[in-house]
Amino acid sequence: HFGTHGSLEFMPGKQVGMSGTCYPDRLISSLPSAYLYAANNPSEATIAKRRSYSATVSYLTPPAENAGLYKGLKELKELISSYQGLRENEGRGPAIVNSIVSTSWTCNLDKDIPELPNLETYDAANDTTENRDIIVGKVYAQIMQIESRLLPCGLHTVGVPPTAEEAVATLVNIAQLDRPEDKIESLPRVIAASIGRDINDIYRGNNNGVLADVELNDKITEASRAAVRALVGQSTDSNGRVKEVKSVLDEVGNFFGGLFGQKKPWTQAIINAGFPKVEEERLVPLVGYLEFCLKQIVANNELGGIMELLNGKFLMPAPGGDPIRNPDVLPTGRNMHALDPSAIPTQAAVEVSEKVVEKLLDKLKAENNGAYPESIAFTLWGTDNIKTYGESLAQVLALVGVRPVADSLGRVNKVELIPLEQLGRPRIDVVVSCSGVFRDLFINQMNLMDRGIKMAAEADEPSEMNFVRKHAIQQAEELGVSLREASCRVFSNSAGSYSANVGLAIENGGWEDEAQLQDQFLTRKGFAFNADKPGMMESQAELFKSALKTVDVTFQNLDSSEISITDVSHYYDSDPTKVVQGLRDDKKKPMSLMADTTTANAQVRTLAETVRLDARTKLLNPKFYEGMLSTGYEGVREIQKRLRNTMGWSATAGEVDNFVFEDANSVFIEDLEMQKRLMDTNPNAFRDMVTTFLEANGRGYWDTTEENIQRLQELYAEVEDRIEGI
């Protein structure tokens with residue numbers, strides 16, 4: 001079986017331990033199942049092993065590059081560069097700031113930068129230098145987020161390892177992360193230390209738009225890229241490929257280099273980038289690790305792995321997950337497995353989750369006059385928790401004020417309540433919606449969460465300091481059940497069932513209105529896990545609705561740059577934003593937030609900000625769509641899929657700005673040359689794209705001109721004729 005994923009392992013039947021009455025067992029029978037599977041998706045690969053007896057051979061995800069800048073965004077960076085040189089010039093400086101403000105409005109950055117001045121009334125000549133710096137710093141920080149975001153380009157070809165340039169992008173991101181367990185400092189941390197700064201302080205200043213810190217962060221990023229490029233350059237042949245990784249810590253080279261006081265190429269690259277005091281000694285552990293990672297990245301093992309399997313030989317096992325967080329995933333072409341579920345959340349995951357929860361609550365308090373939210377709706381995914389070793393699971397426990405406890409063998413099977421005096425804030429209520437895959441893989445962790453939440457609900461604490469207890473008492477009275485039963489907060493699909501099927505309805509266009517999607521979500525996701533009745537998923541639709549109606553915030557995690565919120569339908573399929581709005585007594589839409597831990601600089605953004613960032617780095621980015629078009633037929637389908645998934649967010653959360661559809665229409669429809677390329681390459685996918693635009697307008701998600709709609713209607717008729725051969 002080629003590709004991720006098929007339908008065999010998701011057919012009806014038991015979650016594990018298939019019997020003759022289960023569809024996967026009956027269909028596969030005694031046929032051996034060799035399954036080529038994406039290395040970054042160990043959770044669904046585990047389902048394929050358990051439910052269809054597959055041996056999964058891992059393959060690399062598409063090569064990634066930095067998203068870069070284009071059109072107005074590129075112009076903005078050039079203007080900012082000019083401003084840096086002419087900042088003190090009272091004649092030129094303000095004029096450049098006026099151009100920056102004007103271009104920012106043209107690029108729709110006003111939605112991401114509330115501090116952006118009004119275009120009609122603002123004149124930088126009447127402003128102070130400090131205020132001008134604040135404005136430029138905010139714009140700079142925003143475009144650097146776009147430029148540095150990792151972007152999967154095109155599709156992976158089995159058996160073709162990445163080029164040297166593609167390996168550089170992956171290694172730069174591997175080098176970004178501290179790895180304390182291996183005593184390895186991140187490259188940005190070592191570079192920042194050379195000028196007496198802590199990288200976390202620089203990230204903080206960068207996120208707040210402090211111009212000096214945004215400049216410094218950009219400079220450190222460029223120095224990191226230059227160092228990694230110098231490292232990879234030593235092993236690159238004339239065709240731009242890495243055939244054999246030369247040992248960068250070669251003893252003979254070290255000896256002669258030391259005699260002449262010569263710096264290593266990567267150290268010299270950092271010095272040339274403006275950091276002359278960088279310590280070469282501190283770089284040694286990281287450089288050795290990057291050399292090992294480079295060997296794994298360019299290893300060509302996939303076709304060999306497939307042949308081993310087809311020849312009935314033993315195929316070496318290997319973990320699956322995010323190769324940036326865990327390079328042990330590489331090389332691909334091995335039999336993929338997940339992790340020991342009883343070992344999560346790990347201590348490292350708990351520490352990271354506490355920082356994310358702190359940022360989340362700080363953002364929410366700032367938006368709500370210093371008041372804490374009472375209830376947050378969480379979505380938990382199987383793959384994400386495997387990649388991060390349980391970070392999002394640990395976030396749920398941290399919000400409730402519960403600490404996971406491991407036994408002497410490292411198995412996490414207990415929870416304890418953190419005293420309020422130590423917690424220093426109220427216990428936040430949570431409503432957890434687990435994916436079907438999470439339910440299959442982490443039933444013990446669902447037990448852990450349920451026990452922790454019930455512990456909080458039964459704690460004798462004042463309601464203003466324990467929102468779990470406050471809501472559970474209200475629900476117990478409302479539904480006529482015990483406090484313990486009313487405190488069930490962990491929900492998923494029924495056994496053997498997956499997803500809310502909201503994504504399926506949107507992909508097929510077969511839905512009447514949003515109310516139908518919301519009912520579908522509540523019906524399919526309303527099965528409660530109860531630690532008092534382990535192993536059973538009971539339909540508790542009323543309790544699910546009652547818990548959701550108290551929600552102030554909906555929240556999801558993004559942990560990998562490879563799969564983002566418009567790459568797949570899963571994220572919006574399980575998003576309850578409009579469901580909560582419909583259930584709340586005041587019909588107020590909850591705030592929607594996303595934690596982005598794809599880089600060392602973890603951030604919490606609104607869903608609308610994340611959708612805009614994703615659209616700018618992918619759907620509207622020439623580097624992305626040209627990369628996809630270069631792969632031909634399938635590439636057009638990938639572009640259309642992202643447009644459809646963007647509309648999915650309009651349907652479930654209403655968080656897609658009008659300009660996203662307008663700009664996409666300009667890129668793919670108004671441009672006649674692009675229109676022809678899409679139609680010639682894949683007329684079926686192009687028809688779906690035209691249909692999506694018309695549907696977005698018809699459902700009220702995109703407000704555009706009559707001329708645009710008429711053009712789309714004519715195009716639809718034209719592409720239909722092409723497909724029918726008329």
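First things first, this report covers the structure right here in the doc.

Reading the values: rules and limits
Residues numbered from 1 in each chain as written. Predicted model: local features only at pLDDT ≥ 70, side-chain atom pairs only at ≥ 80, totals over all residues. Heavy atoms only, no water. Core = buried A, V, L, I, M, F, W, Y, C linked by side-chain atoms within 4.5 Å. Buried < 20%, exposed > 50% of the residue type's maximum accessible area, 1.4 Å probe, protein only. Helix = DSSP H or I, 4+ residues; strand = E, 2+ residues; numbered from the N terminus. Contact = heavy atoms within 4.5 Å. 1 Å grid on protein atoms, 1.4 Å probe; cavity = no way out; pocket = protein on both sides within 12 Å on 5 of 7 lines; lining within 4 Å. Points joined across faces, edges and corners; volume = space filled by probe spheres on them. Nonpolar A, V, L, I, M, F, W, Y, C, P; charged D, E, K, R; others polar. Axes fitted to C-alpha atoms, helices over the stretch in contact; angles between N-to-C directions. Parallel < 35°, antiparallel > 145°, perpendicular 65-115°, else oblique. Left-handed = near helix turned anticlockwise from the far one by under 90°. Pairing = 2+ DSSP bridges. Right-handed = clockwise from strand over helix to strand, strands pointing away. Expected span 1.5 Å × (residues − 1).

**Points about the nonpolar core**
Ranked by size, the top nonpolar core spans 96 residues in total, and within it Ile100, Leu548, Ile639, Trp649, Phe668 and Phe686 carry the most contacts. Of the residues forming this core, the biggest block, 8 residues, is contributed by helix α5 (residues 129-148). Setting aside residues no more than four positions away along its own chain, Phe668 makes contact with Leu619, Tyr625, Ile639, Met674, Gln675, Leu678, Phe686 and Met689. Listed in part, the 50 residues of the second largest apolar core include Leu360, Leu441, Ala531 and Phe555.

**Some thoughts on empty space enclosed by the protein**
In this approach the atoms are scanned with a rolling probe the size of a water molecule, which exposes any empty space left behind. The full count for this structure, using the stated rule, is 7 cavities of 30 Å³ or more. In this structure, the largest cavity spans a volume of roughly 470 Å³. Residue lining of the largest cavity: 27 residues in total, with Met144, Ser148, Gln176, Asn217 and Thr599 positioned closest to the centre. Counting only elements with at least two residues in the lining of the largest cavity, the list comes to α5, α6 (164-175), α8 (199-207), α9 (211-233) and β16 (603-606). Considering each element in turn, the lining of the largest cavity owes the most residues, 6 residues, to α9. Partitioned by chemical class, the residues of the lining of the largest cavity number 7 nonpolar, 15 polar and 5 charged. What the second largest cavity holds in volume is close to 80 Å³. Looking at the lining of the second largest cavity, the elements that each hand over two or more residues are α23 (514-525), α25 (570-573), α26 (577-583) and α29 (633-652).

**Description of the packing of helix α27 (residues 607-619) against α29**
Between α27 and α29, whose axes approach to 12 Å, the crossing angle comes to 165 degrees. If you check the angle between α27 and α29, you find them roughly antiparallel. For the pair α27 and α29, the crossing hand works out as left-handed. Contacts from Leu607, Val611, Lys618 and Leu619 in α27 reach Ile639, Arg642, Leu643, Thr646 and Trp649 in α29. The class makeup of the residues in the contact of α27 with α29 is 6 nonpolar, 1 polar and 2 charged.

**A word on the side chain of Ser43**
Within the secondary structure, Ser43 sits in helix α2 (residues 42-52). Ser43 gets classed as buried once you look at its relative accessible area, which sits at 1%. Excluding residues within four positions of it along the chain, Ser43 makes contact with Gly382, Thr383, Ile386, Val437 and Leu441.

**Here we look at the pairing of strand β1 (residues 33-38)**
For β1, the buried fraction is high: 5 of the 6 residues fall into the buried class. In this sheet, strand β2 (residues 54-59) lies alongside β1 in parallel orientation, the contact comprising 6 bridges. Paired with Ser33 across the strands is Ser54, a residue of β2. For the segment spanning β1, α2 and β2, crossover handedness is right-handed.

**Notes on the packing of α6 against helix α12 (residues 280-298)**
Axis separation between α6 and α12 bottoms out at 10 Å; the angle between their running directions is 140 degrees. Taken together, the axis directions place α6 and α12 in an arrangement best described as oblique. Viewed along their axes, α6 and α12 form a crossing whose handedness is right-handed. Listed contacts from α12 to Ala167, Thr170, Leu171, Ile174 and Ala175 of α6 are Leu286, Tyr289, Leu290, Cys293, Leu294 and Ile297.

**Notes on α5**
Its 20 residues give α5 an end-to-end C-alpha distance of 28 Å, which sits within 8% of 28 Å, the value for a rise of 1.5 Å per residue. Counting buried positions along α5 gives 15 out of 20 residues, so the element sits mostly inside the fold.

**What about the sheet that holds strand β14 (residues 553-558)?**
An order of β13-β12-β11-β10-β7-β14-β15-β16 is seen for the 8 strands of this open sheet, with the pairing classed as mixed. Of all the strands in the sheet, just β13 (537-539) and β16 have a single pairing partner and so form its edges. Adjacent strand axes in the sheet meet at a mean angle of 30 degrees, parallel and antiparallel pairs treated alike. Here helix α16 (residues 391-400) sits on the sheet in contact with β7 (375-380), β10 (429-434) and β14, set at roughly 165 degrees to β7.

**Considerations on the environment of Arg642**
Position of Arg642 among the secondary structure elements: in helix α29. Residue classification places Arg642 among the buried positions, given a relative accessible area of 8%. For the pair Arg642 and Asn108, spaced 534 residues apart in sequence, the C-alpha separation works out to 20 Å. With residues near it in sequence (within four places) discarded, Arg642 still touches Thr566, Asp567, Lys618, Leu619, Phe624 and Met628.

Read these as layout, nothing more, since geometry by itself doesn't imply function.
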